[in-house]
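Secondary and tertiary structure notes
For reference, the chains in residue letters:
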Amino acid sequence: MKHQSYKKIDLSKISTEDINYQTQGIDAVSTLKLAELINQQDQQVALAVKTQLKNIAQAIDAIAWAFEHQGRLIYIGAGTSGRLGILDASEMPPTYGVSDKLVIGLIAGGDIAIRKPIEGAEDDEQMVVNDLKYIKLNKNDVLVGISASGRTPYVVSGLKYANKLGCKTISIATSNNSVIGKIAQIKIEAVTGPETIVGSTRMKSGTAQKIILNMLSTGAMVKIGKVYGNLMVDVQPTNLKLIARAHNLVKKITKANDDEVAKVMITTYNKVKPAIVMIKKHLTYSQAQKLLTKHHGLLKKCLK
């Protein structure tokens, strides 16, 4: 592992490391005032993300294109950034019924680093190359590098490697003029300013990253037909609450009564899309599945 000398890292150019003069006395105020100060700072996050909507839209289109051409969405990051990528990736299968291989999160130091920090992992430029080779990163994939400072070596190296392979690359930073922004093809820089607690990028930076990741993955899923209106029609009914949600979705879209919905849902094993097609088009389960396959799972096209 090649470690950079800390003396070569100029933190003065990273806005998240600046002193936040609005919260300097946070250790001497009442608990209510402490909460108010954090909340006031958090309100700046959505506005920072708003400045990046055009770039976020470009990123959504790139990810949706990859999904439609046998590509995957890969997140890379270290520390909080890596954990947020893994969180977003892990929520895609239950929410949208996709394979757990479609969206993948990688963190510097491997899965153990999700719970325990691994010394020096974020500075290891070869580790990320090994990680990406292991999952067989290829030119059909989209690689998203997440780094609050925008200079994390693990992320920088990963983006460079992906560019060499011909992947579409996207950067998410919360600092201006980020290193990763100069490497990625699509740059997202939601500048959240000095942290509430200086350098604690799990706060405003992490919140901004979470918002952006929500937008990227949700937007791409909408684009590929995983949403009907604003309803999660590919939800996986893996527990009682989700089974009830699936039934309610079918009832809401088809206007069928409870008994009819319950009967059809037994046939579809609580799958929402085929149940809707069966009821709306008066088809058997097999016919509904064939129609969905023909239209690549796009419910709107099936119901025309």
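Residues numbered from 1 in each chain as written. Predicted model: local features only at pLDDT ≥ 70, side-chain atom pairs only at ≥ 80, totals over all residues. Heavy atoms only, no water.

1. Here's the deal with the overall build of the protein
On a plain count of helices and strands, the protein comes out with 13 helices and five strands. Based on the C-alpha atoms only, the size of the protein along its principal axes is roughly 70 × 50 × 35 Å. Residues classed as buried in the protein amount to 49% of the 304 residues present. Accessible area of the protein: about 16000 Å², with a carbon and sulfur share of 54%. Of the charged side chains in the protein, 41 are positive and 25 negative; the average position of the first set lies 9 Å away from that of the second. (Helix = DSSP H or I, 4+ residues; strand = E, 2+ residues; numbered from the N terminus. Buried < 20%, exposed > 50% of the residue type's maximum accessible area, 1.4 Å probe, protein only. Areas by Shrake-Rupley, 256 points an atom, 1.4 Å probe, with all protein chains shown as cover. Lys, Arg positive; Asp, Glu negative; His and termini not counted. Charge placed at Lys NZ, Arg CZ, Asp CG, Glu CD.)

2. Some words on a nonpolar patch on the surface
A cluster of nonpolar side chains, namely Ile-19, Tyr-21 and Val-198, defines an oily patch on the protein surface of about 320 Å² accessible area. Structurally, Tyr-21 can be placed in the segment before helix 1 (31–50). (Patch = residues over 30% accessible without salt bridge, like charges linked within 9 Å, V, L, I, M, F, W, Y side chains within 5 Å. Salt bridge = Lys/Arg side-chain N within 4 Å of Asp/Glu carboxyl O.)

3. Topic: helix 6 (residues 153–165)
In this model helix 6 runs 19 Å from its N-terminal to its C-terminal C-alpha over 13 residues, within 8% of the 18 Å that 1.5 Å per residue would give. Taken residue by residue, helix 6 has Pro-153, Tyr-154, Val-155, Val-156, Ser-157, Gly-158, Leu-159, Tyr-161 and Ala-162 as its buried positions. Elements in contact with the buried residues of helix 6: strand 1 (73–77), strand 2 (103–107), helix 5 (125–134), strand 3 (142–146), strand 4 (168–173) and helix 7 (179–183). Backbone geometry just after helix 6 places Gly-166 at a positive phi near 90 degrees. (Expected span 1.5 Å × (residues − 1). Contact = heavy atoms within 4.5 Å.)

4. Let's talk about the pairing of strand 2
Burial within strand 2 is extensive, with five of its five residues counted as buried. Two elements, strand 1 and strand 2, share five bridges in a ladder whose sense is parallel. Note on strand 2: the bridge partner recorded for Leu-73 is Val-103. (Pairing = 2+ DSSP bridges.)

5. A closer look at the sheet that holds strand 3
A sheet is described by the order of its strands in space; here five strands give the open sequence 2-1-3-4-5, paired in parallel fashion. Pairing within the sheet leaves two strands with one partner each, and these edge strands are strand 2 and strand 5 (186–189). Across the sheet, the axes of successive neighbouring strands diverge by a mean angle of 15 degrees, strand direction being ignored. With four bridges joining them, strand 4 and strand 5 adopt parallel strand pairing. Bridging from a neighbouring strand, Ile-172 pairs with Ile-188 of strand 5. Helix 3 (residues 79–90) contacts strand 1, strand 2 and strand 3 of the sheet and is inclined by roughly 160 degrees relative to strand 2. (Axes fitted to C-alpha atoms, helices over the stretch in contact; angles between N-to-C directions.)

6. Looking at the nonpolar core
Counting 36 residues, the largest nonpolar core has Phe-67, Val-103, Leu-216 and Met-221 as its most contacted members. With eight residues, the single largest contributor to this core is helix 2 (residues 53–68). When residues no more than four places from it in sequence are discounted, the contact partners of Leu-216 are Ile-56, Ala-59, Ile-60, Ile-63, Ile-172 and Ile-188. (Core = buried A, V, L, I, M, F, W, Y, C linked by side-chain atoms within 4.5 Å.)

7. With respect to the confidence of the model for the protein
Per-residue pLDDT for the protein has a mean of 93; in total, 96% of the residues score no lower than 70. Taken together, the stretch residues 1–7 has pLDDT below 50 and engages in ten contacts with residues farther than four places along the chain or on a different chain. (pLDDT = per-residue confidence, 0-100.)

8. Some points on helix 2
Because each turn of an α-helix spans 3.6 residues, side chains separated by three or four positions in sequence point in the same direction. For helix 2, built from 16 residues, the straight-helix expectation of 22 Å at 1.5 Å per residue is met to within 8% by its first-to-last C-alpha distance of 22 Å. For helix 2, every residue scored as buried is listed here: Ile-56, Ala-59, Ile-60, Ala-62, Ile-63, Ala-64, Ala-66 and Phe-67. At the exit of helix 2 stands Gln-70, carrying a positive phi of roughly 60 degrees.

9. Description of the environment of Ile-118
Here Ile-118 is to be found in the loop between strand 2 and helix 5. With relative accessibility at 34%, the residue Ile-118 sits in the partly exposed group. Separated by 40 residues in the primary sequence, Ile-118 and Ala-78 have C-alpha atoms spaced 9.6 Å apart. Contact partners of Ile-118, with chain neighbours within four places excluded, come to Gly-109, Ile-112 and Ala-113.

10. Things to note about the side chain of Asn-20
Position of Asn-20 relative to the elements: it lies in the segment before helix 1. In this structure Asn-20 comes out as buried when scored by relative accessible area, which is 6%. A distance of 3.4 Å separates a polar side-chain atom of Asn-20 from the backbone oxygen of Glu-195. Setting aside its immediate chain neighbours within four residues, Asn-20 contacts Gln-41, Pro-194, Glu-195, Thr-196, Val-198 and Lys-204. (Polar contact = N/O pair within 3.5 Å; in protein donor to acceptor, adjacent residues only side chain to side chain.)

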